[in-house]
Amino acid sequence: MAELMDVIRSRRSIRNFEDKDVPDALLQKVLDAVKWSQSWANTQCWEVIVVRHPETKAKLQETLAKGNPATKSITAAPVVVALCGKLQSAGYYKGEKTTKFGDWFMFDLGIATQNFCLAAADAGLGTVVVGLFDHDKAKEILGVPEGYELVVLLPLGYPSKVPSPPKRREIEEFTHYEKF
């Protein structure tokens, strides 16, 4: 567990990347972490789009909200991975939603995103989770079909700068026993 905790503790949001490509074989290893992500009833509701083309990345960059600190990352990273979720799959049984919170795709994509980011960090790569953008416009750029939602963009590459760790709450500050 020590190695896993080291990766968890050292993973940072990387917004600055070296001008160095990510080899396909290394990308496949990171994507393998998505493949093995847990999901609601093993629905595996994720779809992944790998973007390397500079023009497509530039179009995606235009969808980011003004002031988004990850704006430069979209075009600076050699790869941008878009995670999409299939609707009405996770959290459903025989076509009926089964949870209080309805569609479970966001939860499953959160798990897949975390696996992706940790695997990337373990491989010496950096990522930043980008969620503040015009999802519909980006979805159109990437040709995401009906029945799916584009949830997150993940710039991926070799970090040129790794920020210091942010202050974290102590376990006692967020842990409750028996009752809140």
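The shown structure was predicted, so the numbers you read here are calculated from the model rather than taken from an experiment.

Draft legend 1. A look at the pairing of strand E6 (residues 148-157). Of all ten residues in E6, nine are buried; the element is thus mostly enclosed. Examined bridge by bridge, strand E2 (residues 79-86) and E6 share eight bridges and lie antiparallel to one another. For Val81, the partnering residue across the bridge sits in E6 and is Leu154.

Draft legend 2. Main features of the sheet that holds E6. Taken in spatial order, the four strands line up as E1-E2-E6-E5 in an open sheet, and their pairing is antiparallel. Either end of the sheet is taken by a strand with one partner, and the two such strands are strand E1 (46-51) and strand E5 (126-127). As defined by bridge partners, E5 adjoins E6 across two bridges and the pair is classed as antiparallel. Paired with Gly126 across the two strands is Gly157, which belongs to E6.

Draft legend 3. Representation of the packing of helix H2 (residues 24-35) against helix H5 (residues 105-122) in the model. Packing of H2 against H5 leaves a shortest axis separation of 8 Å and a crossing angle of 150°. Our classification of the angle between H2 and H5 gives roughly antiparallel. Taken as a pair, H2 and H5 cross one another with a handedness that is right-handed. Across the interface between the two elements, Val30, Leu31, Ala33 and Val34 of H2 pack against Ala112, Asn115, Phe116, Ala119 and Ala120 of H5.

Draft legend 4. Geometry of unusual backbone geometry. Of note in the backbone geometry, Asn42 takes a positive phi value of approximately 55° without being a glycine. Tracing the backbone through its elements, the reader meets Asn42 in the loop between H2 and E1. Looking at Asn42, the relative accessible area reads 53%, which means it is exposed. You will see that Lys94, though not glycine, has its phi angle at about 50°, which is positive. Along the chain, Lys94 turns up in the loop between strand E3 (92-93) and strand E4 (96-97).

Cut-offs applied
Residues numbered from 1 in each chain as written. Predicted model: local features only at pLDDT ≥ 70, side-chain atom pairs only at ≥ 80, totals over all residues. Heavy atoms only, no water. Buried < 20%, exposed > 50% of the residue type's maximum accessible area, 1.4 Å probe, protein only. Helix = DSSP H or I, 4+ residues; strand = E, 2+ residues; numbered from the N terminus. Pairing = 2+ DSSP bridges. Axes fitted to C-alpha atoms, helices over the stretch in contact; angles between N-to-C directions. Parallel < 35°, antiparallel > 145°, perpendicular 65-115°, else oblique. Left-handed = near helix turned anticlockwise from the far one by under 90°. Contact = heavy atoms within 4.5 Å.

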